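# Remarks on the overall topology
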Amino acid sequence: MTVTFLGCGYLGLTYAAVFAAAGIKTYAVELNPDRLNPLKQGKAFFFEEGLEELISVGLKNGKLIPTDSYKDSIPNSDVVFSSVGTPDNPDGSPNLDYIYAAANEAAKYMSPKTIFVQKSTVPVGTGSKIITLFDDNDSKAIYMSSPEFLAESTSVRDVLYYDRLVIGGTDKKGTDAILKLHETVDNQRDQIAKIAGIKPVKRLDERVFVSIKSAELIKAAANSFLALKISFANSIAKLADASGADIVEVMDGVGIDQRIGRAFLNAGRGYGGGCFPKDVSGLIHSASDYGVDLSIMEAAQELNESMPGYIANRIKQILGGLKGKKIAVLGLSFKAGTSDVRQSPGIKIANLLDIAGSSVSVYDPHANGEAKKDLRSGIKIGQSALEAADDANAVIIATAWPEFRDLDFSQLKQTMLGTLIYDADNALDKDQVKKEGFVFSAPGRSA
Ligand code: UGA
C-alpha cells in the first residue's frame, strides 16, 4: 500500500516517519517551505525524541518522500491521511480552512477507490460535510475518521504503542486498509522503537469501531476531559494554597482511587500547547452550534487562563512586589520534551512579569529560538539556567525539563541574589530544595 500524509506538522510528520520506517511508501506533503526544506535534509522543524532517526531511515530506504505536490502523491496513493493544522479563530472557534482546502485539493486527484482518512481533530459533523464535498465532486473517495491521540514529547512512542485505534466509518475497504497499515507498523514496533531510541511500553491496543460522528466526538471529548482534570486539580491547588494543604499529597491520595486515576491531576501553571486550549474552545463552540451549553468546559478554560496571573500574583506576595525585581523563568516550551511553544504558560508568565516591571530573563534547553517571537522585547534570553538565574531574586520553573529537576541547587544559590524558587510545574523535590536553603513555593504547595 502507498499512503500520503497531507500536512507534516507535529502529527503528520511523526506518522509519516513511522510509516516509512515500517517500509510503507509514504508521501509527506507539506506546503510550507520552512518545514519541507529541512525535512528533505532529514530534519524535523521541531524537537521530538527519536523522530529524526526515523526520518533518516525513511529517506535512506526511499520510503519517505517529502513533497509539496498533491498531483505527484495522491494519484499514486491508496490511502490519503489528512493531518493539516486546525488553528483557532479569534473567537475561539476552530478554523477549518486548511481542512476544507486539503479535502478540496485532494478531491481533484482521488478516485472512488481512494480512502481519505481524517486524522486532524475536527468538530463533530465535519466528516458529513466533506463526504458531501467528495460526492459533489467526481472523486467520490471513501471517507473515514481515525483521530489521533499522540502527545508531543512522546509522539513516536504513542504512534507505536497505543491504547486505542479509533476507526470511524462503516466502509469495509476503508476499515481494512486502516487496520492493515497499523498491523504493518505494530508487527515491527519494537524494531522501530529501537531505531528511535525509545523504550517499548505496554498499552491496551484496543480497536474501537464507531460511526464517523462518534469518532470525531471521542477525540474532542478525550482532550477536553483531560483538560478538565487539569483545571480541576488547579482549582483544588488554589484551595490548598488558601488552606495550607499540599496539592501533590492531595492528588496522590485522590488519584489512588482507580475510578479517578492519578494521570492529568498534576496541578501547576495550567495547560498549554496546540491542542487542549484550542480543542476546549472548539468543543464549546461546536456544542453551541448544536444549541448545547457546555459551561463545564467554559469554567475549565477560565480557570486555566487564570493560572499565569495567579502565579505572578503569588510571587508578588512573596517578594513584596514585582517592580524592579529580577526574575528568571526556566522552561518556555508548553511541556518538557518538545520545542513547541504554542500557548506556552512559561512565556505567558514571563510576559506578565515584564509588564509588571520586573527584569525578566528566560531559558529553555530546546525552545529559546521558537519562544523569541512571543516574548516581550525587554526579556533577556539566557544560554543556560545559571546564566538566566544570575543575580535573580526568584527563579520560576515553568516547564520541568529534566535538567531543571537535576539542577545543582547549591551552585544556583550562589548565582542568585534572592532565595525564592517557585516550582510552577510542581516537579521538584520540595524537601531537597528547602534543604539547600531556598524559600520554596508552588501552586498548591505554599504552606
Ligand atoms: C494532548 C493529548 O494528551 C493527546 O492525547 C492528543 O492526541 C493531543 O493533545 C492532540 O490533540 O494532538 P499534548 O497537548 O501534546 O497532547 O500534551 P499533553 O501531555 O496532553 O499536555 C498538554 C498540557 O497539559 C501541557 O501544557 C502539560 O504541561 C499540561 N498538563 C498535563 C498539566 O498541566 N497537568 C497534567 O497533569 C498533565
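Along each chain, residue indices are assigned from 1 in the same order as the chain's sequence is written. Residue-level local features of this predicted model are given only where pLDDT is at least 70; pairs of side-chain atoms are given and counted only at 80 or more, and the full residue set underlies all totals for whole chains, interfaces and linings. To obtain the side-chain values, all non-hydrogen atoms of the structure were used and water was disregarded.

## Looking at the side chain of S83
Under the scheme used here, helices are H or I runs from DSSP no shorter than 4 residues and strands are E runs no shorter than 2 residues, and both carry numbers assigned from the N terminus. Within the element layout of this structure, S83 appears in the loop between β4 (79-82) and α5 (97-107). Burial classes: relative accessible area under 20% of the type maximum marks a residue as buried, over 50% as exposed, and values in between as partly exposed (1.4 Å probe, protein chains only). For S83, a relative accessible area of 6% translates into the label buried. Residues adjacent in sequence count toward polar contacts only when both atoms are side-chain atoms; beyond that, a polar contact is any pair of N or O atoms within 3.5 Å, and within protein one must be able to donate a hydrogen and the other to accept it. One polar contact links the side chain of S83 to the main-chain carbonyl oxygen of G7, over a distance of 2.8 Å. Contact between two residues is taken to exist if any of their heavy atoms lie within 4.5 Å; hydrogens are not considered. Excluding anything up to four places from it in sequence, S83 contacts F5, L6, G7, L11, G12 and S120.

## A look at a negative patch on the surface
A cluster of acidic residues, D293, E298, E302 and E305, forms a negative patch at the surface. Note on placement: E302 falls in helix α13 (residues 295-319). Exposure above 30% relative accessible area and no salt bridge define the residues that can form patches, which grow by joining like charges within 9 Å and nonpolar side chains of Val, Leu, Ile, Met, Phe, Trp and Tyr within 5 Å. Where accessible areas are quoted, they stem from the Shrake-Rupley method and a 1.4 Å probe; at the residue level, only the protein chains shown are allowed to cover. The salt bridge criterion pairs a side-chain nitrogen of Lys or Arg with a carboxyl oxygen of Asp or Glu, the two atoms within 4 Å. Charged-residue counts in this description rest on Lys and Arg as positive and Asp and Glu as negative, His and the chain ends being excluded. For charged residues, the charge sits on one atom: NZ in Lys, CZ in Arg, CG in Asp, CD in Glu.

## What to know about the site of the ligand
For this purpose, a residue is taken to be near a molecule or strand whenever a single non-hydrogen atom of the residue falls within 4 Å of it. The local shell around the ligand holds 20 residues, among which F149, L150, K219, N223 and K335 are the closest. At 3.3 Å from an oxygen atom of the ligand is found a main-chain nitrogen or oxygen belonging to E148. Secondary structure elements with two or more residues in the shell around the ligand: α10 (212-243) and α12 (276-289). Tallying contributions element by element places α10 first for the shell around the ligand, with three residues. All amino acids are sorted into three groups, where Ala, Val, Leu, Ile, Met, Phe, Trp, Tyr, Cys and Pro are nonpolar, Asp, Glu, Lys and Arg are charged, and the leftover types, Gly among them, are polar. Partitioning the shell around the ligand into residue classes produces 10 nonpolar, four polar and six charged.

## Remarks on empty space enclosed by the protein
With a 1 Å grid spanning the protein atoms alone, the term cavity applies to any set of points in which a 1.4 Å probe fits but cannot get out, the term pocket to an open set with protein on both sides within 12 Å along at least five of seven lines, and the term lining residue to any residue with an atom within 4 Å of a point. Grid points are joined across faces, edges and corners, and a volume is the space filled by probe spheres set on the points. One pass over the structure, following the stated rule, counts three cavities of 30 Å³ or more. Approximately 130 Å³ is the volume found for the largest cavity. In terms of lining residues, the largest cavity is bounded by 13 residues, among which T121, V122, P123, G282 and L283 are the most central. The set of elements that each furnish at least two residues to the lining of the largest cavity consists of α10 and α12. The greatest single-element share of the lining of the largest cavity, amounting to five residues, is contributed by α12. In terms of residue class, the lining of the largest cavity is made up of seven nonpolar, four polar and two charged.

Any functional reading would require information beyond the geometric quantities listed.
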